Structure formats: C-alpha cells, structure tokens
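Take a look at the letters that make up each chain.
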Amino acid sequence: MSTRRHIFHALTTAALLAASLGVTAVHAQSAAPAAFPSKPLRFIVPFPPGSGTDTSARYFAKKLTEVTGQSVIVDNKPGANGFIAVRAVQSAPADGYTVFVGSNSTLAVNAALFKSLPYDPVADFAPLTMMMRAASLLIVPAQSEYKTVADLVAAAKAKPGQLNYGAGSAGYQLMAEAFNDATRIQAMHVPFKGASEVVSAVTAGTVQFAFAEMTSAQEMVKAGKLRALAFASEQRSPTLPAVPTATEAGLPGFTAYTWVGAMVSAKTPKAETDKLASLLTAIERLPETREFYERLGAEVMNGGPEEMRAFQASEIKLWKRIATSAKVEQQ
C-alpha cells in the first residue's frame, strides 16, 4: 500500500506541477505585448475637410487600415493657426496611436510668423514620412474684372490697401505677402480656417484674390466658378494646362508650394515611431499613391524620417527668409 501511495503521490505532484506550469505559460503569453498597432489610431489634422492636408490624411488612413486591420479616425481640429490641433497631439498619450498630419504652415511657416510659439515644430515632434507637395494657384472670382496678373496688380496699385486677399493658413499668408512684395502692392489679409473656406470666399467675392493649393481649387476652376490667373510652379499643370505659370504671367521665378507630412509626439517610444514610419513610408511609395496625387494635380513626396527632418529644417529657413524679405511683422 505504501508503494501505491508513493506512486499516487508522485503522479499527483507531477500533474499539479504540469498544471502550474501551464497556467504560468498562459499568464506569460497573455502578458506579452501585443503587436503594434493593436487598436484604432487617430490622425489629427489642423484644417477642415477639403484641404490637401485632410485629403492626404484620409488617403493614408484608408491605406493604413488595409495594411494593419486597425481603423484610423481622421480628427479635424482647425483654427488658431494649427495650435488647437497641436495641443490635441501634445495632450494625447505618446504611445504611437495619435499621429499629427501637418503641413508647411504648422511645421515650418509658423516658426517664421510668430515671435513665440506654444510648441516647437522640430523638438516637439518625431517625423514619420513625407506625403505630398502641391503648387498653388493664384485665384480670383469667376466674374472678376481681373483677367490677368497684370490686371490684378494694376488695380491694387490704383487702390493701395483696398484689395483683400484670403489665407487659410500661415503658409498661404506668406505666399500672398511674397506676391505683394514681388509686385510692390498693398493688400489686406483676411484669415480663414482652411483652404476650403478660402475657395468659398473667393468664389463668393468676399475677398478679391487668394493663393490656394491645386487640390482644393482645381475643380472649381474647371467648373468655371473660379478664375486662375497663374500656377506658382516651374511648369504648367497637366490638369490645368491653360493656366500660365507665374513666370509666364509676369512674375519671373515666383513659386509657391504647400506640402504635407506625418509626425508623432517626440515622446513616443522609438519602437512605435519606427513601426509607424515604416508603415506610412511603404504606403507613400506605392504606385497607386503617386497616381492618386497626380489626379489631384499634386505630387507624392518621397522620404522617411531622416529626409523629412532635413526638409523641414530647410523649409523653416526658407520661410524665415521670405518673411524677412516681405517685411512681414511677426505676430
């Protein structure tokens, strides 16, 4: 009997040990970190729907969902020169699930326009990928008396300070101020929350002219609801071939581009930052991404974190130089 009890005890101990090890393994497995991303992400956009920034955010959100299986919410937070959107990114957990889809305005131009920013566009963000670049159109209402850039400039010189221009961001404001400086005219700045609002204001004749990115204005131009006086690029646009370049319109060498890129809080762990950068840069390099932007009259920008950081630095220097040249007083 003692032998039987000994065998029974040994078997019971072994079974309990095996069970214990099994439970431990289950606990270890459940405690292992889930692959990133393992829940929905949020793209914060500093402009309302209809802008090139918003369009880019929605395209990349759709593609990221297809790749990861996780939904991506596009959260538009326009106003206050992008400060509202930046604040939302800064106050969110720095875990990689909140992405800032910004533009040249929030990530470069603000550094030239403001004496003191509530954020540092370089130190507070970690770059992920570049998305797109689009040249701007100089637009006026369809029924405007201004048929050419020369007409607009002549009218502005005849009525100094009486013409208004709309700007949906700091970037567009500096574009217009650079135009004013190049043509030696005075025009009053009327701020709006985004490109779509500016396009609507010009269409209604609320302001006399504006610079608007191709992605938000070209369909209105094609429909005859806006008139484009010039395309601020080195070459004419394939989607609006009848619109002259700024050089052809009498402004030699004048160009004005907007661009869009994605960043996360600089406090985000490197593993999550690197994974997001890899995923988004892979989407950027897809042939269908290039085709998507070409249909909008824009172009895809190639480059991951390192290229974006270098480009951002060069853009900050550029816009500071433009602001100084145009004698734009810092706010």
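As a reminder, the structure under discussion sits directly above these lines.
Scope of this entry: the structure provided in the associated data block.

The rules behind the values
- Residues numbered from 1 in each chain as written.
- Predicted model: local features only at pLDDT ≥ 70, side-chain atom pairs only at ≥ 80, totals over all residues.
- Heavy atoms only, no water.
- 1 Å grid on protein atoms, 1.4 Å probe; cavity = no way out; pocket = protein on both sides within 12 Å on 5 of 7 lines; lining within 4 Å.
- Points joined across faces, edges and corners; volume = space filled by probe spheres on them.
- Helix = DSSP H or I, 4+ residues; strand = E, 2+ residues; numbered from the N terminus.
- Nonpolar A, V, L, I, M, F, W, Y, C, P; charged D, E, K, R; others polar.
- Buried < 20%, exposed > 50% of the residue type's maximum accessible area, 1.4 Å probe, protein only.
- Pairing = 2+ DSSP bridges.

A volume near 440 Å³ is recorded for the largest pocket. For the largest pocket, the lining is made up of 23 residues, of which Thr 255, Ala 256, Leu 318, Trp 319 and Ile 322 are closest to its centre. Of all elements in the fold, only helix H6 (170-183), strand S9 (257-265) and helix H11 (305-325) reach the threshold of two or more residues within the lining of the largest pocket. Take the lining of the largest pocket: its biggest share by element is seven residues, from H11. Its residues assigned to classes, the lining of the largest pocket comprises 14 nonpolar, three polar and six charged. Its volume calculated, the second largest pocket comes out at about 310 Å³. As for the second largest pocket, its lining consists of 16 residues, and the residues nearest its centre are Phe 231, Pro 238, Gly 297, Ala 298 and Glu 299. Considering each element in turn, the lining of the second largest pocket owes the most residues, three residues, to strand S4 (residues 125-141).

The omega angle of the peptide bond from Phe 36 to Pro 37 is -5°, so this bond is cis rather than trans. Of note, Pro 37 is situated in the loop between helix H1 (2-31) and strand S1 (41-45). With phi around 60°, Asn 81 is a residue other than glycine that occupies positive phi space. Summarising the element assignment, Asn 81 is placed in the loop between strand S2 (72-76) and helix H3 (83-91).

Judged by how many residues are buried, S4 sits mostly within the fold: 16 of 17 residues are covered. As paired elements, S4 and S9 share nine bridges and run antiparallel to each other. When the sheet's bridge partners are listed, Met 130 is paired in S9 with Gly 261. Relative to strand S10 (residues 299-300), S4 is paired through two bridges, and the arrangement is antiparallel. Within S10, the position partnered with Met 132 by the bridge is Val 300. Of the strand pairs in this sheet, S4 and strand S7 (residues 209-213) are connected by four bridges, and their pairing is antiparallel. Its bridge partner lying in S7, Ile 139 is registered against Ala 210. Two elements, S4 and strand S8 (residues 226-231), share five bridges in a ladder whose sense is antiparallel. Among the inter-strand pairings, Val 140 is bridged to a residue of S8, identified as Arg 227.

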